[in-house]
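Remarks on the overall topology
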Amino acid sequence: MTIALVDDSGSDIERLHKDLSRYCHEHHVYMNIDRFTEGTAFLKAMRHTAYDLVFLDIYMGDTTGISVAERIRKADPKCQVIFITVSTEHAVSAYRIHALDYLVKPYRYEDLEDAMERFEETAGRFARYIELKEGRYYTRVRISDIVYTDYSNHYIQVHTTSCVVRSYMSFEAFFPMLAPYSNFLWCCRNCMVNMDYIESFGQKEFLLKSGERIPISAARRRETVQRYADYIFDYNSKGVILP
């Protein structure tokens, strides 16, 4: 998931980032976290990045969190908002724009934990994910965050936008987890790539938007390239709808 922290206080952003990192560690969740000290800078970034959750301070120098939240609602209704501020003065306004929660500084970690669990419950109704056993624990990985997967020394390696999740299992056991999703392409032995992250392709490999290169099986090149071409055509003409 991708989260934004928007607060003009550097110390408050640092504390929130630290608490969210703790939450990720304790609940085995992976996040991309972007930090902004101005509401206008965040709104510019939102033109190019789809955020799942935004923590908004209400009192900021360049704008108010309420006005930023109103623009978030218009631009991306699925994006959830949690206000975090020093006063309860704007609580009614916050809930009128369907804010997920309202934390008052100085909040307790337990309050943040409750808010994040509420967010995960809400987001889980819409987000698709797989569960993988990593060590002793099961980790949830959102389908949309997976860039590609490969296999090494009896471990499936799921490369996401923020980290690599390693799970002890065979490729044959893992493959059915992603097979139902049309944006995943089996491009070479024990390797699947999310076509949404492909920048271009050549004779022997895909170039990802991250700069990484994924090989294309010579034996299956014609079929692989045709599937990618079909996917791009469907995406450009009507958008891809996952099953």
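An account of the accompanying structure is given in this report. (Residues numbered from 1 in each chain as written. Predicted model: local features only at pLDDT ≥ 70, side-chain atom pairs only at ≥ 80, totals over all residues. Heavy atoms only, no water.)

Packing of helix 2 (residues 39-46) against helix 3 (residues 65-75) brings their axes to within 11 Å, and their N-to-C directions diverge by 10 degrees. With respect to helix 3, the axis of helix 2 lies roughly parallel. Contacts from Gly 39, Phe 42, Leu 43 and Met 46 in helix 2 reach Val 68, Arg 71, Ile 72 and Ala 75 in helix 3. Classifying every residue of the contact of helix 2 with helix 3 by side-chain character gives six nonpolar, one polar and one charged. (Axes fitted to C-alpha atoms, helices over the stretch in contact; angles between N-to-C directions. Helix = DSSP H or I, 4+ residues; strand = E, 2+ residues; numbered from the N terminus. Parallel < 35°, antiparallel > 145°, perpendicular 65-115°, else oblique. Contact = heavy atoms within 4.5 Å. Nonpolar A, V, L, I, M, F, W, Y, C, P; charged D, E, K, R; others polar.)

Further remarks concern the side chain of Asp 101. Following the sequence through the fold, Asp 101 ends up in strand 5 (residues 101-104). Given the relative accessible area of 10%, Asp 101 is considered buried. A polar side-chain atom of Asp 101 sits 2.2 Å from a polar atom in the side chain of Arg 118. (Buried < 20%, exposed > 50% of the residue type's maximum accessible area, 1.4 Å probe, protein only. Polar contact = N/O pair within 3.5 Å; in protein donor to acceptor, adjacent residues only side chain to side chain.)

As a rule of thumb, nonpolar side chains are buried together in soluble globular proteins. Membership of the largest hydrophobic core comes to 23 residues, with the highest contact counts inside it found for Ile 3, Leu 16, Met 31, Phe 55, Leu 103, Leu 112 and Met 116. Only strand 1 (2-6), helix 1 (10-27), strand 3 (53-56), strand 4 (80-85) and helix 5 (109-124) provide two or more residues apiece to this core. Sorting elements by how many residues they give to this core places helix 5 first, with six residues. When sequence neighbours within four positions are dropped, the list of residues in contact with Leu 112 reads Leu 16, Asp 19, Leu 20, Phe 55, Leu 103 and Tyr 107. Counting residues in hydrophobic clusters, the runner-up holds 22 residues, among them Tyr 51, Val 54, Ile 66 and Cys 79. (Core = buried A, V, L, I, M, F, W, Y, C linked by side-chain atoms within 4.5 Å.)

Its 18 residues place the ends of helix 1 26 Å apart at the C-alpha level, agreeing with the 26 Å of an ideal helix rising 1.5 Å per residue. Looking only at helix 1, the buried set comprises Ile 13, Leu 16, Asp 19, Leu 20, Tyr 23 and Cys 24. Considered in projection along helix 1, the buried side chains sweep an arc of 145 degrees and stay on one side of the axis. Away from its buried face, by an angle of more than 90 degrees, helix 1 presents the exposed residues Ser 11, Lys 18 and His 25. (Expected span 1.5 Å × (residues − 1). Arc of directions from axis to C-beta.)

Before going further, it helps to examine the pairing of strand 3. Burial along strand 3 is two-sided: the face carrying Leu 53 and Phe 55 and the face carrying Val 54 and Leu 56 are both buried. As defined by bridge partners, strand 1 adjoins strand 3 across four bridges and the pair is classed as parallel. Each residue of the ladder has a partner; that of Leu 5, found in strand 3, is Phe 55. Pairing of strand 3 with strand 4, which is carried by four bridges, proceeds in the parallel orientation. (Pairing = 2+ DSSP bridges.)

Attention shifts here to the sheet that holds strand 13 (residues 198-201). Judged by pairing direction, the sheet is antiparallel, and its three strands sit side by side in the order 13-14-15 without closing on themselves. Each edge of the sheet is formed by a strand with only one pairing partner; in this case those strands are strand 13 and strand 15 (213-215). Strand-to-strand twist of the sheet, defined as the mean angle between neighbouring strand axes without regard to direction, takes the value 30 degrees. As judged from the three bridges shared by strand 14 (residues 205-208) and strand 15, these two strands associate in the antiparallel manner. In the sheet register, Glu 205 faces strand 15, and the bridge partner there is Pro 215.

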